[in-house]
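# What the coordinates show
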Amino acid sequence: MEVIEWDVNDPRETVNSLDEMVLMNNLVNKLNKDDFDTDEIRTKDAIAVCKIKLMGEYNALLVRNMEEYLSDAEVYVLTWDGETSDGGNMFRLSALELLKIIDGSIFSNSI
């Protein structure tokens, strides 16, 4: 099991995010094609999308089972507002959840 966190104030993370931005853009372009099979989403690309799109928020990823494709992997997104003692949400990252992260609607139903 691995926990992935990211800090927008860390210069090394900023350099790494440039590589991740390329992965994210490639995946977003693929998802825009009508014939793209969401079972072909690579886990590392999905993680890159989460790190870029959720940058600046209070988030982390819990990777329970890393596989090449997201459909075979077990990755959870952990979110919280402000202090961790206030609680937060956890959901399994799937193609549908990833699409919501990309379009910015992932937290629209949260209270």
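This text gives an overview of the structure that appears in the document.

Calculation rules
Residues numbered from 1 in each chain as written. Predicted model: local features only at pLDDT ≥ 70, side-chain atom pairs only at ≥ 80, totals over all residues. Heavy atoms only, no water. Helix = DSSP H or I, 4+ residues; strand = E, 2+ residues; numbered from the N terminus. Buried < 20%, exposed > 50% of the residue type's maximum accessible area, 1.4 Å probe, protein only. Contact = heavy atoms within 4.5 Å. Areas by Shrake-Rupley, 256 points an atom, 1.4 Å probe, with all protein chains shown as cover. Core = buried A, V, L, I, M, F, W, Y, C linked by side-chain atoms within 4.5 Å. Salt bridge = Lys/Arg side-chain N within 4 Å of Asp/Glu carboxyl O. Pairing = 2+ DSSP bridges. Axes fitted to C-alpha atoms, helices over the stretch in contact; angles between N-to-C directions.

What follows covers the overall build of the protein chain. Within the protein chain, the regular secondary structure consists of three helices and four strands. When the elements of the protein chain are put in sequence order from the N terminus, they spell out β-α-α-β-β-β-α. Among the 111 residues that make up the protein chain, the fraction classed as buried is 37%. Within the protein chain, counting contacts between residues at least 6 apart in sequence, those at least 24 apart form 52% of the total. Summed over all atoms, the accessible surface of the protein chain reaches about 7100 Å², with 46% contributed by carbon and sulfur.

Ile 41, Cys 50, Leu 93 and Leu 98 are the most contacted members of the largest nonpolar core, which totals 26 residues. Listed by contribution, the elements that provide at least two residues to this core are helix H1 (11-31), helix H2 (43-53), strand S2 (59-65), strand S3 (74-80) and helix H3 (95-103). When residues of this core are assigned to their parent elements, the largest contribution, five residues, is made by H2. Ignoring any residue separated from it by four or fewer positions in sequence, one finds Cys 50 in contact with Trp 6, Met 55, Leu 61, Val 77, Leu 93, Leu 98 and Ile 101.

Next up on the list: the pattern of salt bridges. Oppositely charged side chains are able to pair whenever their charged atoms sit close together. Applying the stated rule across the entire model yields three salt bridges. When the shortest N-O distance is used, the salt bridge between Lys 51 and Glu 20 registers 3.1 Å. Here Glu 20 lies in helix H1 and Lys 51 lies in helix H2, a separation of 31 residues in the sequence. In this structure, Lys 51 and Glu 20 share a single accessibility class: buried. A salt bridge links Glu 68 to Arg 42; the shortest N-O distance between them is 2.0 Å. Placement of the pair is Glu 68 in the loop between S2 and S3 and Arg 42 in the loop between H1 and H2, with a sequence separation of 26 residues. Residue Glu 68 is classed as partly exposed on the basis of its relative accessible area, which comes to 46%. Arg 42 gets classed as partly exposed once you look at its relative accessible area, which sits at 31%.

This next bit is on the sheet that holds strand S4 (residues 88-92). Strand order in the open sheet formed by four strands is S1-S2-S3-S4, and the pairing between neighbours is antiparallel. Each edge of the open sheet carries a strand with a single partner, namely strand S1 (2-4) and S4. Adjacent strand axes in the sheet meet at a mean angle of 20° when their direction is disregarded. Relative to S3, S2 runs antiparallel, the two sharing six bridges. Bridging across to S3, Val 63 finds its partner in Val 75. Where H2 meets the sheet, its contacts fall on S1, S2 and S3, and the angle it forms with S2 comes to roughly 165°.

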